[in-house]
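As a plain string of letters, each chain reads:
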Amino acid sequence: METVGAARMPGQPGITLILAGLAMLGPFSINAYLPSFPEMEQALHTDRVALQQTISVYFAAFAFMSLWHGAISDACGRRKVVLAGLAAYALASLGCAFATRVGHLLPLRALQGLSAGAGIVIGRAVVRDLHEGPLARRMLSQVVMMYGLAPAIAPLVGGALQRSFGWRAVFLFLALLAASLFTAVAMRLPETLPAEARQPFRFAPLAHGYARLLGNRAFMTWSLSYALMFGAFFVYVLSAPVFLMRHLGLGEADFLWLFGPATLGLVAGSALAGKVAARWPVARTLQAGFALMGAAIVYDLAVCLAAPEGAGWYVLHLFVFNVGMSLVVPTITIRGLDCVPERRGMGSSVQLFVQTGFNALIAAVLAPLLWESLISLALGAAVLFLCAGAGVLLALRLSNKKPSTA
């Protein structure tokens with residue numbers, strides 16, 4: 001299918017909503033079934049560590065396939081790859097709903113991971129296909145703002161389904177969500193990559209493309225910095241059952257304590273990023289965002305050391321941290337893709353591969369190591385944040401030797 005002409009292009013709000021929906025599929029795949037862990041332990045005759053590996057397997061598969069979604073879309077066009085991914089995800093979700101052992105669940109979760117990334121990887125490339133500079137940052141910030149609702153909505157939806165129908169209903173809901181997105185993409189999302197701009201999907205060009213991307217120090221440093229920054233927040237998401245239920249004494253219906261402040265922060269930060277995209281240079285945006293995240297980290301450490309009563313003290317920092325993180329996400333993403341203008345689809349793939357691969361490491365290793373106490377979680381987040389800050393400083397130097405206003 002050729003690129004849709006401007007006269008026939010659906011309005012930007014419609015495209016933005018579709019891209020946000022595609023991006024939301026990932027958080028729903030993780031957060032929606034967290035409230036079901038206690039019942040799943042009994043129903044599948046397993047334990048929490050084994051169920052945690054269903055998250056790790058999902059992330060590992062997601063990370064691996066994210067390397068290929070962008071390259072395939074660079075060769076075949078954006079739209080076909082998104083539709084194929086959604087169809088595979090819907091089938092995998094149906095399989096999860098009928099699993100009887102955790103051993104059945106693992107390969108199906110892997111298939112979910114292999115297919116879920118098509119939307120978010122290609123969505124970033126679509127934004128960059130349509131716009132550049134401040135316009136691209138503004139559109140991406142709008143996508144991130146709506147996408148930011150998913151971490152709060154997913155456990156609420158999952159918890160409601162769990163209480164009313166049991167854990168299998170959560171996976172049936174995910175299948176229905178994928179089918180709805182398939183319909184929206186088929187009807188409303190145009191092809192944004194012209195045939196003449198496509199890259200051949202052959203081994204030699206692909207190997208050369210990946211070699212150039214992986215050898216691009218500025219691009220890889222931006223990508224690693226994003227993964228480390230996001231990890232400072234995501235370690236709490238992956239530790240949510242232990243963090244909320246064991247340490248804070250909350251129940252399966254109380255996940256909003258974590259995801260509520262986090263989501264408000266994501267939405268507020270993304271809204272702010274959209275407003276300042278054309279007015280603030282890159283340096284100012286990064287300084288403001290990292291100052292907010294640093295303040296949140298210091299507060300979190302202070303609260304854990306003081307150990308006050310009440311869950312609210314321990315989750316407030318997530319709001320401030322996510323305001324700062326969402327403020328800088330569009331800048332970090334676009335600056336990274338601008339390092340590889342001829343391979344934006346592949347670049348988006350590698351960005352997501354780095355982030356998701358690191359999330360898999362957090363799920364499998366870091367979260368279980370850190371969730372034994374509140375202070376260890378706070379210290380782990382602090383180290384990840386400091387590494388992210390150092391990475392951004394290095395990325396700026398590698399990109400232009402001075403901050404850019406692009």
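- Per an unreviewed UniProt entry, the protein is named Bcr/CflA family efflux transporter, and its organism is Massilia norwichensis.
- One UniProt comment on the protein, placed under Sequence similarities (unreviewed entry), says "Belongs to the major facilitator superfamily. Bcr/CmlA family."

**A few points about the overall build of the protein**
Move 1: A tally of regular secondary structure across the protein gives 16 helices and zero strands.
Move 2: A globule of 406 residues ought to have a C-alpha radius of gyration of about 22 Å, and the protein, at 20 Å, matches this closely.
Move 3: A principal-axis box enclosing the C-alpha atoms of the protein has dimensions of 55 × 45 × 40 Å.
Move 4: Counting every position in the protein, which comprises 406 residues, the buried fraction comes to 58%.
Move 5: Long-range contacts, defined as pairs at least 24 residues apart, comprise 85% of the intrachain contacts of the protein with a sequence gap of at least 6.
Move 6: Accessible surface for the protein amounts to roughly 15,500 Å². Of this, 69% is attributable to carbon and sulfur atoms.

**Notes on the confidence of the model for the protein**
Move 1: Predicted confidence across the protein gives a mean pLDDT of 85, with 92% of residues reaching 70 or more.
Move 2: Across residues 1-11 the pLDDT falls below 50, and counting only partners more than four positions away or on other chains, this stretch makes 19 contacts in the model.
Move 3: Under a pLDDT of 50 for its full length, residues 402-406 has, in the predicted model, 13 contacts with residues more than four places off or in other chains.

**Concerning the packing of aromatic side chains**
Move 1: Scanning all chains against the criterion turns up 14 aromatic pairs.
Move 2: With a centroid separation of 5.9 Å and 40° between ring planes, the pair formed by Phe 28 and Phe 173 is classed as tilted. Here Phe 28, found in helix H1 (residues 12-31), pairs with Phe 173, found in helix H8 (residues 168-188); they are 145 residues apart in sequence, far enough to count as distant.
Move 3: When its relative accessible area of 6% is taken as the criterion, Phe 28 is described as buried.
Move 4: In this structure Phe 173 comes out as partly exposed when scored by relative accessible area, which is 26%.
Move 5: Between Trp 68 and Tyr 210, the aromatic rings sit 5.5 Å apart at their centres with planes inclined by 70°, giving edge-to-face as the arrangement. In this pair, Trp 68 sits in helix H3 (residues 48-76) while Tyr 210 sits in helix H9 (residues 203-215), placing the two residues 142 residues apart along the sequence.

**A look at the nonpolar core**
Move 1: Ranked by size, the top nonpolar core spans 129 residues in total, and within it Met 229 and Phe 243 carry the most contacts.
Move 2: Looking at this core, the element that brings in the most residues is helix H10 (residues 217-238), giving 15 residues.
Move 3: Met 229 has contacts with Phe 290, Met 293, Phe 321, Met 325, Val 328, Val 329, Ile 332 and Ala 388, leaving out every residue within four places of it along the chain.

**Quick notes on the side chain of Ser 326**
Move 1: The residue Ser 326 is located in helix H14 (residues 312-338) in this model.
Move 2: Ser 326 gets classed as buried once you look at its relative accessible area, which sits at 1%.
Move 3: Looking at Ser 326, its side chain comes within polar contact range of the main-chain oxygen of Leu 266, at 3.2 Å.
Move 4: Here Ser 326 is in contact with Gly 265, Leu 266, Gly 269, Ser 270 and Ala 273, once residues within four sequence places are set aside.

**Description of unusual backbone geometry**
Move 1: Although it is not a glycine, His 45 adopts a positive phi angle of roughly 55°.
Move 2: In this structure, His 45 sits in the loop between helix H2 (37-43) and H3.
Move 3: Although it is not a glycine, Ala 307 sits at a positive phi angle of roughly 55°.
Move 4: Examined against the element boundaries, Ala 307 turns out to sit in the loop between helix H13 (282-306) and H14.
Move 5: Take Ala 307: its relative accessible area is 48%, and that puts it in the partly exposed class.

**Section: H3**
Move 1: In this model H3 runs 41 Å from its N-terminal to its C-terminal C-alpha over 29 residues, within 8% of the 42 Å that 1.5 Å per residue would give.
Move 2: At Met 65, H3 is deflected by roughly 30°, the largest bend along its length.
Move 3: Where H3 begins, the side chain of Asp 47 points an oxygen toward the backbone nitrogen of Ala 50, at a separation of 2.9 Å.
Move 4: Within two residues after H3, Gly 77 carries a phi angle of roughly 105°, on the positive side.

**So, a nonpolar patch on the surface**
Move 1: A contiguous nonpolar patch, built from Leu 91, Leu 94, Phe 98 and Leu 172 and spanning about 420 Å² of accessible area, is present on the exposed surface.
Move 2: Counting through the fold element by element, Leu 172 comes out in helix H8.

**Some remarks on the side chain of Ser 73**
Move 1: Assignment of secondary structure puts Ser 73 in helix H3.
Move 2: On the basis of relative accessibility, which here comes to 0%, the residue Ser 73 falls in the buried class.
Move 3: Within the structure, Ser 73 has its side chain in polar contact with the side chain of Arg 78 (distance 2.9 Å).
Move 4: Setting aside chain neighbours within four positions, we find Ser 73 in contact with Arg 78, Val 81, Ile 122 and Leu 193.

**A look at H13**
Side chains that are three or four residues apart share a direction in an α-helix, a result of its 3.6 residues per turn.
Move 1: Across its 25 residues, H13 extends 36 Å between first and last C-alpha, which sits within 8% of the 36 Å expected from 1.5 Å per residue.
Move 2: Positive backbone phi, approximately 55°, marks Ala 307, located one or two places after H13.

Thresholds, definitions, all that
Residues numbered from 1 in each chain as written. Predicted model: local features only at pLDDT ≥ 70, side-chain atom pairs only at ≥ 80, totals over all residues. Heavy atoms only, no water. UniProt positions renumbered as here; feature names shortened; annotations may be inferred. Helix = DSSP H or I, 4+ residues; strand = E, 2+ residues; numbered from the N terminus. Rg over C-alpha atoms; globule rule 2.2 N^0.38 Å. Buried < 20%, exposed > 50% of the residue type's maximum accessible area, 1.4 Å probe, protein only. Contact = heavy atoms within 4.5 Å. Areas by Shrake-Rupley, 256 points an atom, 1.4 Å probe, with all protein chains shown as cover. pLDDT = per-residue confidence, 0-100. Phe/Tyr/Trp six-rings, centres within 6.5 Å; stacked < 30°, edge-to-face > 60°. Core = buried A, V, L, I, M, F, W, Y, C linked by side-chain atoms within 4.5 Å. Polar contact = N/O pair within 3.5 Å; in protein donor to acceptor, adjacent residues only side chain to side chain. Expected span 1.5 Å × (residues − 1). Bend = angle between axes of the 7 residues up to and from the residue. Patch = residues over 30% accessible without salt bridge, like charges linked within 9 Å, V, L, I, M, F, W, Y side chains within 5 Å. Salt bridge = Lys/Arg side-chain N within 4 Å of Asp/Glu carboxyl O.

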